[in-house]
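Listed below, chain by chain, are the residues.
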Amino acid sequence: MTAPDPKADLLRYLQEARNALLWKLDGLSEYDIRRPLTPTGTNLLGLVKHTAGVELGYFGDTFGRPFFAQDPPPWWYTEDAEPNADMWATADESREDVTGLYRAAWEHADGTIAALPLDAVGRVPWWPEERRETTLHHILVRVIADTSRHAGHADIVRELIDGSVGLTPGKDSVPPGDRAMWEAHRHRLEKAARAADEAG
């Protein structure tokens with residue numbers, strides 16, 4: 001048995017979450033990848049855009065490797081951007097623009113991860129001064145958790161759009177069943193919820 005490589009393990013889980021998030025856009029119209037499906041506006045392309053920004057900040061600015069060192073950053077990445085600017089795409093921002101930036105963010109982040117040891121210290125500019133210093137290891141864990149969380153959001157949003165579910169292509173991670181089985185399952189859960197509410 002070979003010795004474990006902690007950095008490789010962390011990067012594998014990060015990449016799996018990245019891939020899952022992008023996969024949720026496959027086969028959908030421009031409208032469907034952008035339309036808000038929660039009261040706070042959660043949408044698939046916005047999740048990708050937000051996660052791109054997360055990687056650019058944490059693996060770029062934090063370790064002195066700003067992605068936008070030569071070119072001005074996009075409007076939504078600046079300090080004076082409107083709230084939630086990174087959580088949705090304008091009509092002028094194409095799917096290719098957003099997903100291309102996300103893939104470029106992966107490449108930039110992977111360069112940081114490859115170049116530095118896990119105990120390398122960086123400074124997160126937007127954290128409170130007293131705790132800005134942190135390690136690459138901490139940032140990797142944080143970004144994996146954040147990306148996985150948003151991939152979970154994307155799972156639910158995609159299911160609301162067209163009923164598609166799954167962890168990765170070819171691996172849906174849910175028990176087999178047709179529409180009738182799932183409708184019966186949902187009805188059973190609704191009945192249990194109402195019964196619990198009435199008993200309480």
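Scoring rules and cut-offs
Residues numbered from 1 in each chain as written. Predicted model: local features only at pLDDT ≥ 70, side-chain atom pairs only at ≥ 80, totals over all residues. Heavy atoms only, no water. Helix = DSSP H or I, 4+ residues; strand = E, 2+ residues; numbered from the N terminus. Buried < 20%, exposed > 50% of the residue type's maximum accessible area, 1.4 Å probe, protein only. Areas by Shrake-Rupley, 256 points an atom, 1.4 Å probe, with all protein chains shown as cover. Lys, Arg positive; Asp, Glu negative; His and termini not counted. Charge placed at Lys NZ, Arg CZ, Asp CG, Glu CD. Core = buried A, V, L, I, M, F, W, Y, C linked by side-chain atoms within 4.5 Å. Contact = heavy atoms within 4.5 Å. Patch = residues over 30% accessible without salt bridge, like charges linked within 9 Å, V, L, I, M, F, W, Y side chains within 5 Å. Salt bridge = Lys/Arg side-chain N within 4 Å of Asp/Glu carboxyl O. Axes fitted to C-alpha atoms, helices over the stretch in contact; angles between N-to-C directions. Parallel < 35°, antiparallel > 145°, perpendicular 65-115°, else oblique. Left-handed = near helix turned anticlockwise from the far one by under 90°. Nonpolar A, V, L, I, M, F, W, Y, C, P; charged D, E, K, R; others polar. Phe/Tyr/Trp six-rings, centres within 6.5 Å; stacked < 30°, edge-to-face > 60°. Expected span 1.5 Å × (residues − 1).

Asks: Looking at this structure, how should I read the overall build of the chain?
Replies: For the chain, the count of helices and strands is six helices and two strands. Helices (α) and strands (β) of the chain occur, in sequence order from the N terminus, as α-α-α-α-β-β-α-α. Here the chain holds 200 residues, and the buried ones make up 35% of them. Accessible surface, the chain: about 12100 Å² in total, of which carbon and sulfur atoms supply 55%. In the chain, 22 side chains carry a positive charge and 33 a negative one; their mean positions are 5 Å apart.

Asks: How should I be thinking about the nonpolar core in this particular structure?
Replies: Nonpolar side chains tend to gather and get buried jointly when the protein is soluble and globular. Within the largest apolar cluster, 25 residues are counted, with the highest numbers of intra-cluster contacts made by L21, L25, L44, L45, V48, L101 and Y102. Counting only elements with at least two residues in this core, the list comes to helix 1 (6–23), helix 3 (44–59), helix 4 (95–115) and helix 5 (136–162). Here this core gets six residues from one element, more than from any other, and that element is helix 3. Those residues in contact with L45, other than ones at most four positions away along the chain, are L25, I33, R34, A89, R95 and V98.

Asks: Whenever I open this one, a nonpolar patch on the surface confuses me. Can you help?
Replies: Together, V165, V174, M181 and W182 make up an exposed nonpolar region whose accessible area comes to about 280 Å². Positionally, W182 belongs in helix 6 (residues 179–199). The partly exposed category is assigned to W182, whose relative accessible area is 33%.

Asks: I keep staring at the pattern of salt bridges and nothing clicks. Help me out?
Replies: Once their charged atoms are close, side chains differing in charge can pair, the charge on each being opposite to the other. Taken as a whole, this structure holds twelve salt bridges when the rule is applied. The partner of R95 in a salt bridge is E30, with the nearest N and O atoms 3.3 Å apart. With R95 in helix 4 and E30 in helix 2 (residues 30–34), this residue pair connects regions lying 65 residues apart in the sequence. Classification of R95 by relative accessible area gives buried; the value is 16%.

Asks: Would you mind showing me how to read the environment of A199 here?
Replies: Assignment of secondary structure puts A199 in helix 6. When its relative accessible area of 70% is taken as the criterion, A199 is described as exposed. Between the alpha carbons of A199 and T2 there is a distance of 56 Å; along the sequence they are 197 residues apart.

Asks: Teacher, can you tell me more about unusual backbone geometry here?
Replies: If a residue is not glycine, its phi is most likely negative; likewise, a peptide bond is most likely trans. Positive phi values are uncommon outside glycine, yet N84 reaches one of about 65°. Topologically, N84 is positioned in the loop between helix 3 and helix 4.

Asks: Can you help me understand the packing of helix 1 against helix 3 in this one?
Replies: Working note: a packed helix pair is described by the angle between its axes plus the distance between those axes. The N-to-C vectors of helix 1 and helix 3 enclose an angle of 150°; their axes lie 10 Å apart at closest approach. Overall, the two elements helix 1 and helix 3 adopt an arrangement that is roughly antiparallel. Where helix 1 crosses over helix 3, the handedness of that crossing is left-handed. Judged by residue contacts, L14, R18, L21 and L22 of helix 1 engage L47, V48, T51, E55 and F59 from helix 3. Taken together, the residues of the contact of helix 1 with helix 3 break down into six nonpolar, one polar and two charged.

Asks: It is not clear to me how the packing of aromatic side chains should be interpreted in this structure. Could you clarify?
Replies: What describes a pair of aromatic rings is the distance from one ring centre to the other and the angle between the planes of the rings. Taken as a whole and assessed by the stated rule, the structure comprises seven aromatic pairs. Between Y58 and W127, the aromatic rings sit 6.0 Å apart at their centres with planes inclined by 65°, giving edge-to-face as the arrangement. Taken together, the positions of Y58 in helix 3 and W127 in the loop between strand 1 (121–123) and strand 2 (133–135) put the pair 69 residues apart, joining distant regions of the chain. One exposure class covers both Y58 and W127, and it is buried. Ring geometry for W75 versus W88: centroids 6.2 Å apart, planes at 65°, classification edge-to-face. Here W88 lies in the loop between helix 3 and helix 4 and W75 lies in the loop between helix 3 and helix 4, a separation of 13 residues in the sequence.

Asks: Just to check I follow, could you spell out helix 6 for this structure?
Replies: An α-helical turn contains 3.6 residues, so any two residues separated by three or four positions project in the same direction. The end-to-end C-alpha distance of helix 6, which contains 21 residues, comes to 30 Å, matching closely the 30 Å that a straight helix rising 1.5 Å per residue would cover. Summarising burial for helix 6: zero of the 21 residues are buried, a small minority.

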